[in-house]
Every structure is written in structure tokens, then in C-alpha cells.
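# Summary of structural features
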Amino acid sequence: MSRMKTSHYYDLREGFRSVSERSCVRYKCGLPCNTIQDVLHQRPNWIEVKDDGEWDFNWCDVGWLRENFDHTYMEEHVRINHFRNHYELTRKNLMVKNLKRYQKKLEREVGRIEASNCDFFPCTFALPSEYHLFVEEFNRSPGSTWIMKPVGKSQGKGIFLFRKLKDIIEWKKVRLCKELARNKRTEFKKFDLRVYVLVTSYVPLKAWLYRDGFARFSGTRFSLSSIDDKYMHLTNVSVQKTAPDYDHEKGCKWQMQQLRRYLTAKHGREVVETLFKEMDNIFVRSLQSVQKVIINDKHCFELYGYDILLDQDLKPWLIEVNASPSHMPSCQEDYEMKCRLLEDTLNVVDMEGRLTGKEKRVGGYDLMWNDGPVYREDANLQTYGSSGFTANTHLGCVNDREKQLRQLLKPFPCQRKA
């Protein structure tokens, strides 16, 4: 990429930055028609460039990153939406490997109590390399249900459940059993949570948690009497929308605020605050587990999509972390939420240079970690782990982002609705 043909000013916070005199931000987006395309297109003074045109901001897919990152010259102000080896956290096998290593490190250096704060990912084995270890654990828990997930696929592709070792080999022969999928004796539907975490630096670690997110529900009532029905066990929207009885207007999601209100009404405020505190722990610990292996680059940021599963005791479990969470909307409400998320991601990345660098909130994002815990300013104390961390997080709380942005970004250019 060639150099900018404009002047620069020196910012003591970050060194050379793009100029206030520059009239626009030139962006490139390698994704097909998508919500991010709409958000970038409607952003004031942002202009799309095609092919080999000079760019200041690049929202690329991981394929472009793999092929071009090491061969691209980037000036100080340039930003790109992935870290070079993002897969250390977002490939399922590497995520577990790094979490296990981090947990052992904590146990060795700090003690078992601190290491127990990493007890949020299920018993996991990478096959075929850990097949013998898996068989030992499998034989210790006969009758248990296991889930097989390919390490490099997404949107539910290749996932299946099994109870017998022979099913690992024979799983391709499995056919859907629609009668059992309609089992009416069960009382609930499976769901998981999608939560968004934005990392703008790994050295030092700086992470933001978005207030909005959603729960994804399966369309079929849950039962372990059938492990062959993907519509019962997989919550991916890309899977659910192919179900014969899928309601495209209603969809299969609840917004995070709706879920938090429901859980609070059913289980009480204290239980729910504990649940969300434990999810904060998952976000921070998982990022710390890869902090020393991620190749930090000042040009990079990463918007992660965390998938969290709640068990019957409301304990959260980390299922996986997505480097390219889908921005394709499933309904109008989902589209509007993702537009807000992406707009605020651009606000935090701040190509326009409007922030001071000391903000603890930007739109719907709350700064949860900045080379250490970030503390909330209200009186509702919330502890984190054994360190007494008062989490500056508001997942599922009111997201009065427009009011906050008007106060924060003065003057703030009027934006057309996407």
C-alpha cells in the first residue's frame, strides 16, 4: 500500500496519526453485501476504494489477511480488523490448548484457587492427536453425550452429537429422526449467547465489552432422547432457518436485555449478577490466555463473537470464539442491533481522531480491561475473581448509546440511517 499524500500532525498519545486536514477516510471492504457494507457506506466522509486503491481502513476476511498481511505496507494511521494470528483464540483446538496452558501456569505460579477461575470450558480433546486420552475419559463416563466440532468451520457445519465410539466413524451415515425431534414431553429449548468483545491492543491488553448481544434458540424442544436432530441441538441461525417450520418474521433470537430481564424475574437479581460476573471472567481470562502468543500490531483490532452456553445451574461455559462473527441479520431488529454494534466499533477505532484515549465508554462499548481491570463509576459493586474487580461492564443493560455519543463526540456529524 502506498503512502498517504497528505500532511500529518503528531499526537502524543499514539505518534503519527491521520490528519484533521484530510477530508475523508478511504476504506476497503472485502465482504459481500452485508451489514458492515451498509454501516461503512453511511459513515460521514468515508469513501470506498476498489481493487488496488489506496486505503486507510480495511474490513477484510481472514482469507485476505492470510494472503496479503505480510506483504502490505501500512502507515501509522492505517487500521485493519484482524490480528495476524487471530486463530490462536478463534480456532477451537487452539483456544482450548491456550486455555489449558494458561490454567496450568496460574496453578503453578499463583495456586489452585486462582486457576479455578478458568473452569469455564468443557472437557475437550483434539482428535486424532489426543484420541487415547479421549477414550480414557470416555470410558470413565459411560452414557455421556459428546459433541464433535470441526476446528476450522463455522455456522454449524460438521457438528454432531454421539454417545458411542463407533459413531465417530459412522456419523456420516446418520439421518434425521423427525419423530423424536418433535418430542413433546420436554419443557424447554436449547439456547446459547452471542456476546461481542472488541480488542484494540494485546500489548497492553485493552478490551471493550458491548452492551447488546443476543440469545439464539433452537426451534425444537430439547431432549437427549435424540442426538441426531440438528434443529434440536444446534442454535446457529444458519442451521435453524433451514428448518421446515422456521418463522422468518419471528426468528430465533432474544436480545440480551430481554434475556437478562427474563432471568432476573425467574432467578432473582443476585443470581443473574453472579452469572454476568462469571461471563466477565471468561472474557478477560480467555484474552489473557493468548495475550503472549498473539502477534500484537498497532494497526490491528479484533471484534470477537463469543459463544456462551448456560447449564441448568446458570453456570456459563465458553463454547468458542469467532474471529468473523456473522453480521448478516435474521430480522429487522437484529439488523438494527448489528448496525449499532458496527457503528460503535468504528467509533472506538476512531479513524477520525475525535477521542482522547481516556474514555471508559464509547457508545454501546464499555472498557472492561486496560492493562488491568477498569472500575465502574456507580455504586453497584461487582467483584471479579479473587481480585475484587469492580467490573466496568453493562452486558444486557440499557444501551443509551445515542445520548452518550452526543455528549462524547462534539461536534458529532449527523449520520444517515443505514
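Residues numbered from 1 in each chain as written. Predicted model: local features only at pLDDT ≥ 70, side-chain atom pairs only at ≥ 80, totals over all residues. Heavy atoms only, no water.

## Remarks on the environment of H77
Take H77: it is sitting in the loop between α2 (62-68) and β6 (79-80). Assessed through its relative accessible area of 5%, H77 is described here as buried. Within the structure, the side chain of H77 is placed 2.9 Å from the side chain of D56, a separation counted as a polar contact. (Helix = DSSP H or I, 4+ residues; strand = E, 2+ residues; numbered from the N terminus. Buried < 20%, exposed > 50% of the residue type's maximum accessible area, 1.4 Å probe, protein only. Polar contact = N/O pair within 3.5 Å; in protein donor to acceptor, adjacent residues only side chain to side chain.)

## So, the packing of aromatic side chains
Geometrically, a pair of aromatic rings is defined through the distance of the ring centres and the angle of the planes. Applying the stated criterion across every chain yields a total of 16 aromatic pairs. When the ring of W55 is compared with that of W64, the centres are 6.2 Å apart and the planes differ by 75°; the resulting orientation is edge-to-face. For W55, a relative accessible area of 5% corresponds to the buried category. Between F57 and F301 the ring centres are 5.9 Å apart and the planes differ by 25°, which places this aromatic pair in the stacked class. Here F301 lies in the loop between α12 (269-290) and β12 (302-310) and F57 lies in strand β5 (residues 57-59), a separation of 244 residues in the sequence. Here F57 falls in the buried class, since its relative accessible area comes to 0%. In textbook terms, an aromatic cluster arises when at least three aromatic residues are bridged by ring pairs, as seen for Y27, W46, F57, W59 and F301. In this structure, R260 is placed above the aromatic ring of F276, and the distance from its NZ or CZ to the ring centre is 4.1 Å. Residue placement shows K315 over the ring face of W317; its charged tip is 4.8 Å from the ring centre. (Phe/Tyr/Trp six-rings, centres within 6.5 Å; stacked < 30°, edge-to-face > 60°. Lys NZ or Arg CZ within 6 Å of the ring centre and 35° of its normal.)

## Topic: the pattern of salt bridges
By the definition in use, this model includes 24 salt bridges. Residues R340 and D212 are paired through a salt bridge, measuring 3.4 Å at the closest nitrogen-oxygen approach. Placement of R340 in helix α13 (residues 332-349) and of D212 in strand β10 (residues 205-221) is noted, with a sequence separation of 128 residues between them. Taking the relative accessible area as the measure of exposure, R340 reaches 27% and is therefore partly exposed. What you see here is one network of salt bridges that share partners, running through D192, R194, R216 and D307. (Salt bridge = Lys/Arg side-chain N within 4 Å of Asp/Glu carboxyl O.)

## Things to note about the side chain of N347
With respect to the helices and strands, N347 occurs in helix α13. The exposure class of N347 is buried, given its relative accessible area of 2%. At a separation of 2.6 Å, a polar atom in the side chain of N347 contacts the side chain of R43.

## Let's talk about the packing of helix α1 (residues 35-42) against α13
Taken N-terminus to C-terminus, the directions of α1 and α13 make an angle of 55°; their axes are 9 Å apart at the nearest point. Viewed along their axes, α1 and α13 adopt a mutual orientation that is oblique. α13 is crossed by α1, and the crossing has right-handed handedness. Taken together, the residues of α13 that come into contact with α1 (itself represented by T35, I36, D38, V39, L40 and Q42) are Y335, K338, C339, L342, E343 and L346. (Axes fitted to C-alpha atoms, helices over the stretch in contact; angles between N-to-C directions. Parallel < 35°, antiparallel > 145°, perpendicular 65-115°, else oblique. Left-handed = near helix turned anticlockwise from the far one by under 90°. Contact = heavy atoms within 4.5 Å.)

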